[in-house]
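# Close look at the chain arrangement
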Amino acid sequence: MDDDEYSPSNSVTSVNSLASLLKEKLQSIPHKIRKKPTDYKLRAFVGLMFLAVAFFVGFAYVLYHQQALTKAYFQRVQFNEPKRLIRVFNKDDVEILKATLAVGIQGGKKAFPCLAEHRLKDGSECMEWLHNLRLYLKCLPHDPGVDNTTCYSVHWKALRHDVSPNDCFDWSDTKVHWFGAGQSINLTWPLDTGSIDYTPFITGDMQKSQWGNVVTRYLINSKGAAIIVDEETPLHISVNRENKEICLKAKYDDFAFANKLTEFPEMRYNICTSRDIRSLHSSIHSHRRAPLWDGLKPDDMRTLESLISEPVWQIAPRFKHELQDATISKYTDDVINLGFLKQGHVLINEFWQNEIGDLSVDTVRFATLNETVDKLHRRGFKVAFTIQPFISTESKNFAETVQKRLLINERNSDRRIPALTRFKSLASAGVLDITNNRSVPWILEKLQAVMDKYYIDSFYFDLGTAYDMPHYYRCEKLLINPDQYKTVFTKTFEKTLNIIGVSSAVSLPRPPIFVSLPPFESTWEALRLVIPTMLTYGISGFPFTMPGAVGGDIYWPGSEQFLPSSKGSMDTNSNNTTQENGIELPERELYMRWLQMATFLPVMKFTHLPSKYNDERVLEMAKNLTLLRQKLVTPLLLKYKREALEEGLPLIRPLWLVADVDVALPVQDEFAIGDEIVVAPVLHKGDTTREVYLPAGLWQDGIDGSLRKGNRWMHEYKVPVDRVAYFLRKPDDLRFK
């Protein structure tokens, strides 16, 4: 527009025209494209609904997938394949066991169904982690009419030499306790309260962080689940290594599991469940189908009963020259002079020989042993000799055993060269190869000559531990592990010789053989280990156990243990520094508390006599405890001996076998004889009070005769130094009479 044509009216007309044009264009836009504020709320609602539906569909899919996977296996077993997590439930759908399988597996985590040629025809489910492991799962058949126990078989096969099956059983998010397996320096009762790194599961020295002198491949938890590992598995066990869990690993090594039974390690175990821990334990250890009394002779039963009712007098001097005819005569004279203890069994250590392995009496130190044994028999004593399968290189029999090839030889070496080892005071010794058919008649001939000449009544087998075997041992017949040796040795002679005890075991020996606890030094710490060890061995399937000597055991130079140390002695300014043969006696108070506890144990073993303290209070207490044992304890032990022979239940029982409550599970300083006596000895120096838990029922106080209500803790219960706390079960209606 030219300048001369511009006017305000023309400008207004132009603006109005533009506004009209814009309005027209906006009205021409489709209604669905125009946005309104309410559309945002609708879109958000629709989006949230979509996400919720997607979440629930995904959750339902995962849940369905897991449920379908559970159904593919067993009714009460869930197995999460990607996580390799297995859960076992009881009939009330309560989780009783949780484990992570194949811990540390390398490579892919996905499992695939096994190829047809790898499947078993026994109904097992089979899956494989390629080039790593193969797993077989199976529910074992059982008769619900017989018991409520159900077992599942787990079988791992490694597919490479550098793969070790490793399953860890977790209790971090469940309140559960574990029992069984064995004892070690950091493992007591319950098992889950201690810790141990991966260790070959063979017998050893507890003080060296190894397993103790008795181990069994059996673990049971407080919710009613048990694990039973096959004896051919090269088993290593850890407890609370990094997490709250027990781990089982199958692994070959150069000693414990050097004899490879399969090309790659395999691990087999059963998981068994029942309604509770008591019924499960009774079911697993029941001997009803093959009772322990089956095949026992009258002499066997008499020996079993005499070990329970009469003391064992352990004559075990530190040095060989200290053991002579006169030593035995003097010791038994002192026993007779006590006047209140029965005669019992005189157990003489290996120093009856000149050298270990002679298997003949040292006639220099025992010139009149015939007369001594005859005198002991006339006084009512029985005489037992300790023997070992070890042959000292200084023994007169060593050259003969080498020439006849009766000894274990060394792997990858000339079979004519024996493998040597150390044992106790022996710097060098060979080991008789019991799998060699020539060795058995040789040993029997030697021992029979001793029995015929000296009328020895029985023998005690000191078999050592697995670590006492030569490191590169090789027997004529292949052994699964070094512990199998002691099993074969015991079974070879248990029907031909009268054996009263063995020092170590991994399987139940034939009665009347008692299994010994490990030796304990003379300290308060050692005293507190006796009950947990006794309970562990009992529930592991050994009903007849023999504790060590009252006050602690005596050791000799060369052993891994030591004589009573300053930890177990009294102050030098007290009257408790009494000595016998140059050895300081156990502290007086410790001896008294030990004797009180031992009064209720299956066998009473003495080395130090109560008369050696020259204290009327000690003698009077010993006399009263002897009377108590004869009148009350021994009859009950003989009564429950029948249950032990029939059902495998231990004579000394944990409180959870008597009380069906969780509070009794961790109690490790009390025990029961059957379900009729609860014993709570004082185990701490200077204490005259203690906490006592009484199971449900009515109990009579053994100290003052009063009636006590059970199912409760008694706090600050008074126990004088010369008394022991014990309680007798009484009928519930007795309180009304």
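Since this is a predicted model, take the numbers as computed values, not measurements.

### Comments concerning the overall build of the protein
Along the protein, the regular secondary structure elements total 12 helices and 38 strands. Accessible area of the protein: about 34000 Å², with a carbon and sulfur share of 52%.

### What to know about the packing of aromatic side chains
A full pass over the atoms with the stated rule returns 21 aromatic pairs. Centroid distance Phe255 to Tyr473: 6.1 Å. Interplanar angle 90°. Geometry classified as edge-to-face. In this pair, Phe255 sits in the loop between β14 (245-250) and β15 (266-273) while Tyr473 sits in strand β24 (residues 473-474), placing the two residues 218 residues apart along the sequence. Measuring from centroid to centroid gives 4.5 Å for Trp352 and Phe385, while their planes differ by 15°, and the two rings are stacked.

### Description of the confidence of the model for the protein
Model confidence for the protein is summarised by a mean pLDDT of 87, while 87% of its residues fall at 70 or above. In this model, residues 68-72 is a region of pLDDT below 50 whose contacts with residues beyond four sequence positions or in other chains number 6 contacts.

### Quick word on the nonpolar core
Within the largest apolar cluster, 142 residues are counted, with the highest numbers of intra-cluster contacts made by Phe385, Phe461 and Phe600. Of the residues forming this core, the biggest block, 11 residues, is contributed by helix α12 (residues 616-647). Leu187, Phe201, Tyr269 and Ile271 belong to the second largest nonpolar core, which has 46 residues in total.

### Some details on the sheet that holds strand β13 (residues 235-239)
Note: strands within a sheet are paired through backbone hydrogen bonds, in either parallel or antiparallel orientation. Strand order in the open sheet formed by 7 strands is β1-β2-β3-β8-β14-β13-β10, and the pairing between neighbours is antiparallel. A strand with exactly one partner marks an edge of an open sheet, and here the two such strands are β1 (77-80) and β10 (196-200). Adjacent strand axes in the sheet meet at a mean angle of 15°, parallel and antiparallel pairs treated alike. For strand β2 (residues 85-89) and strand β3 (residues 95-100), the ladder comprises 5 bridges, and the chain directions are antiparallel. Counterpart to Phe89 in the pairing with β3 is Glu95.

### Digging into the pattern of salt bridges
Inspection of every chain in the model, using the stated rule, returns 29 salt bridges. The salt bridge partner of Lys320 is Glu355, with a shortest N-O separation of 3.7 Å. Placement of the pair is Lys320 in the loop between β16 (312-315) and α5 (325-338) and Glu355 in the loop between β17 (345-348) and α6 (369-379), with a sequence separation of 35 residues. Judged by its relative accessible area of 21%, Glu355 is partly exposed. If you follow the salt bridges from partner to partner, you end up with Asp197, Arg241 and Glu242 in one network.

### A look at the state of the cysteines
Counted according to the given criterion, the structure contains 3 disulfides. A sulfur-sulfur separation of 1.8 Å characterises the disulfide bridge that pairs Cys114 with Cys126. Sign of the S-S torsion, about -75° for the bond between Cys114 and Cys126, identifies this disulfide as left-handed. Highlighted residues: Cys114 in the loop between β4 (112-113) and β5 (125-129) and Cys126 in strand β5, separated in sequence by 12 residues. With a relative accessible area of 6%, Cys114 lands in the buried category. Not engaged in a disulfide, the cysteine Cys139 finds its nearest cysteine sulfur in Cys151; these two sulfurs lie 8.6 Å apart. On the basis of relative accessible area, Cys139 is assigned to the partly exposed category, the value being 32%.

### A word on the pairing of strand β35 (residues 698-701)
Relative to strand β36 (residues 707-709), β35 runs antiparallel, the two sharing 3 bridges. When the bridges of β36 are listed, Leu698 appears paired with Lys709. Between β35 and β36, which follow one another and run antiparallel, lie 5 residues, and Gly705 among them has a positive phi close to 80°. Sheet topology note: the β35/strand β38 (residues 725-730) ladder contains 4 bridges and is antiparallel. Along β38, the bridge assignment pairs Leu698 with Lys730.

### Let's talk about α12
Under the 1.5 Å per step criterion, the end-to-end length of α12 is 43 Å for 32 residues, consistent within 8% with the ideal 46 Å. Along α12, the sharpest change in direction is near 45° and occurs at Arg629. The residue sitting at the N-terminus of α12 and contributing the capping side-chain oxygen is Asp615; that oxygen lies 2.8 Å from the backbone nitrogen of Arg617. Gly648 lies just past α12 and shows a positive phi near 80°.

### Looking at the environment of Asp276
Mapped onto the secondary structure, Asp276 falls in the loop between β15 and α3 (277-284). Take Asp276: its relative accessible area is 23%, and that puts it in the partly exposed class.

### Section: the pairing of strand β8 (residues 166-170)
In summary, the side chains of a regular strand alternate between the two faces of the sheet. With 5 of 5 residues buried, β8 lies mostly within the body of the structure. By the alternation rule, side chains of β8 split into Asn166, Cys168 and Asp170 and Asp167 and Phe169, which are all buried. Pairing of β3 with β8 involves 2 bridges; the strand directions are antiparallel. Within β8, the position partnered with Ala99 by the bridge is Phe169.

### Considerations on the side chain of Asp205
Among the secondary structure elements, Asp205 is positioned in the loop between β10 and β11 (218-221). One buried charge, Asp205, has no salt-bridge partner; the nearest side chain with opposite charge is Lys208, at 4.9 Å. Here the side chain of Asp205 touches Gln207 through a polar contact of 3.0 Å, landing on its backbone nitrogen.

### A look at unusual backbone geometry
Omega for the bond connecting Trp189 with Pro190 falls within 30 degrees of zero, at -5°, which places this linkage in the cis form. In the segment running from Pro511 into Pro512, the intervening peptide bond is cis, with an omega of 15°. Within the fold, Pro512 resides in the loop between β25 (499-502) and β26 (514-516). Positioned with a positive phi, Ser209 is a non-glycine residue whose angle comes to about 60°. Inspection of the secondary structure puts Ser209 in the loop between β10 and β11. Looking at Ser209, the relative accessible area reads 39%, which means it is partly exposed. Notably, Asn412 is not glycine yet its phi reads approximately 55°, a positive angle. With respect to the element layout, Asn412 can be found in the loop between β20 (409-410) and β21 (421-423). When its relative accessible area of 79% is taken as the criterion, Asn412 is described as exposed.

### Focus: a nonpolar patch on the surface
The grouping of Leu42, Phe45, Val46 and Met49 at the surface amounts to a nonpolar patch, some 410 Å² of accessible area in total. With respect to the helices, strands and loops of the structure, Val46 is situated in helix α2 (residues 37-71). For Val46, a relative accessible area of 49% translates into the label partly exposed.

### Some thoughts on the sheet that holds β16
Taken together, 8 strands build an open sheet; the order of strands is β27-β26-β25-β23-β18-β17-β16-β30 and the sheet is parallel. On the outer flanks of this sheet lie β27 (545-546) and β30 (605-606), each paired with one strand and no other. In this sheet, strand β18 (residues 382-387) lies alongside β17 in parallel orientation, the contact comprising 4 bridges. Residue Ile348 lies in a different strand from β18, and its bridge partner there is Phe385.

Here is what the cut-offs are and how they apply
- Residues numbered from 1 in each chain as written.
- Predicted model: local features only at pLDDT ≥ 70, side-chain atom pairs only at ≥ 80, totals over all residues.
- Heavy atoms only, no water.
- Helix = DSSP H or I, 4+ residues; strand = E, 2+ residues; numbered from the N terminus.
- Areas by Shrake-Rupley, 256 points an atom, 1.4 Å probe, with all protein chains shown as cover.
- Phe/Tyr/Trp six-rings, centres within 6.5 Å; stacked < 30°, edge-to-face > 60°.
- pLDDT = per-residue confidence, 0-100.
- Contact = heavy atoms within 4.5 Å.
- Core = buried A, V, L, I, M, F, W, Y, C linked by side-chain atoms within 4.5 Å.
- Buried < 20%, exposed > 50% of the residue type's maximum accessible area, 1.4 Å probe, protein only.
- Pairing = 2+ DSSP bridges.
- Axes fitted to C-alpha atoms, helices over the stretch in contact; angles between N-to-C directions.
- Salt bridge = Lys/Arg side-chain N within 4 Å of Asp/Glu carboxyl O.
- Disulfide = S-S within 2.5 Å.
- Expected span 1.5 Å × (residues − 1).
- Bend = angle between axes of the 7 residues up to and from the residue.
- Polar contact = N/O pair within 3.5 Å; in protein donor to acceptor, adjacent residues only side chain to side chain.
- Lys, Arg positive; Asp, Glu negative; His and termini not counted.
- Patch = residues over 30% accessible without salt bridge, like charges linked within 9 Å, V, L, I, M, F, W, Y side chains within 5 Å.

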